[in-house]
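Structural overview for review
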Amino acid sequence: MTPSKLKKTTADAVHGLPAPTAHHAQARGGAHPTFGVALGGGGARGLCHALMLEALDELGIRPSIIAGTSIGALIGAVYASGLGGADIVAYCRELFQKRTQIVKHLLLRVNVNGGFAGVLNGSAIPIFAGERILEALLPESLPATFEALQIPFLAVTTDFFSQSPCIVSEGRLITAIAASCALPGILKPIEINGRVLIDGGFVNPLPFDLLKGHANIIAAVDVSAGPQQSRRRLPSLIETVVGSTQIALATLVREKLKAGAPEILIRPQVGHFRVLDFYRIDEIFAAAQSAKDEFKRACEKAVAHHEKLAAHAH
């Protein structure tokens, strides 16, 4: 297998698809529209992406392409591998409801030399090796490469030194996911082809723009957090590091939407959860249930509108 190929630009030729045009997207869609799904970054809040994908399954909608950033890349890749939304929900529940077992599992799979780094300003901060963490947590059925996925998939990363987007669509899958999730202060940067990559949220936290021209209908799920109420205490060092990146992420999403929004934009009410609140998975799913229902209605409306336009065209 050749090394992963990285693209700075939007995916104009991803997985062999020709450069997108309005005519091309319409022709591919026909009477039945094609769906592109963008899953945003936001740490544990992104667990609710699985509910939105479950909604697509319940509607019988199969995306033609998926783009994901950070936790969105992780959930999106698992879905693109062929695991259904309901299966992802069940897998996540089983995984994160067993916190003690998870810790033991990680300690067995992540060695000290590869998994942790020292001290910052006198406070110990764990710096995990992202690939090893993912190997311990992701389903064993996840394929090794992008090429083995059932649905074309784009993982958004940030080139640390060029300060530009890197869209990964080929090569070793778990490496690309780890790069997209490499939040500074938590996960180590990933080096691919001599380029140092970190969390994709710094350049494109909600990558719906990458899907333009590749699908008739583009749906985006935004799990970035808005302003939070004060907890009446100073945040810890790690809370400050992680929270600061979330402020940047939310700001980028707002600016992107000023330039144009996707056909469907869903924002589950999960902003009050913190980035590392994975153990609160049941609460996250409960808070996002109304968004799942809203998402289903929006998808049904978009499909009906497209089919009406297609019927008039004929």
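Please refer to the structure placed before this passage.
Notes on the structure in this doc start here. (Residues numbered from 1 in each chain as written. Predicted model: local features only at pLDDT ≥ 70, side-chain atom pairs only at ≥ 80, totals over all residues. Heavy atoms only, no water.)

1. Describing the nonpolar core
In this structure, Phe153, Ile177, Ile264 and Phe295 are the most contacted members of the largest nonpolar core, which totals 73 residues. Each residue touching isoleucine 177, except ones within four places of it in the same chain, is listed here: Ala73, Leu74, Ala77, Leu134, Leu138 and Leu142. Counting residues in hydrophobic clusters, the runner-up holds 15 residues, among them Ile167, Phe208, Ile218 and Ala220. (Core = buried A, V, L, I, M, F, W, Y, C linked by side-chain atoms within 4.5 Å. Buried < 20%, exposed > 50% of the residue type's maximum accessible area, 1.4 Å probe, protein only. Contact = heavy atoms within 4.5 Å.)

2. Concerning the packing of aromatic side chains
Inspection of every chain in the model, using the stated rule, returns three aromatic pairs. Note on phenylalanine 146 and phenylalanine 153: the rings are 5.9 Å apart at their centroids and 20 degrees apart in plane angle, and the pair reads as stacked. Residue class for phenylalanine 146 comes out buried when judged on its relative accessible area of 1%. The buried category is assigned to phenylalanine 153, whose relative accessible area is 0%. With a centroid separation of 5.1 Å and an interplanar angle of 85 degrees, the aromatic rings of phenylalanine 160 and phenylalanine 161 are classed as edge-to-face. Using a relative accessible area of 45% as the deciding quantity, one classes phenylalanine 160 as partly exposed. Under the relative-accessibility criterion, phenylalanine 161 is labelled exposed at 63%. The ring of phenylalanine 208 carries the charged tip of lysine 256 above its face, separated from the ring centre by 4.2 Å. (Phe/Tyr/Trp six-rings, centres within 6.5 Å; stacked < 30°, edge-to-face > 60°. Lys NZ or Arg CZ within 6 Å of the ring centre and 35° of its normal.)

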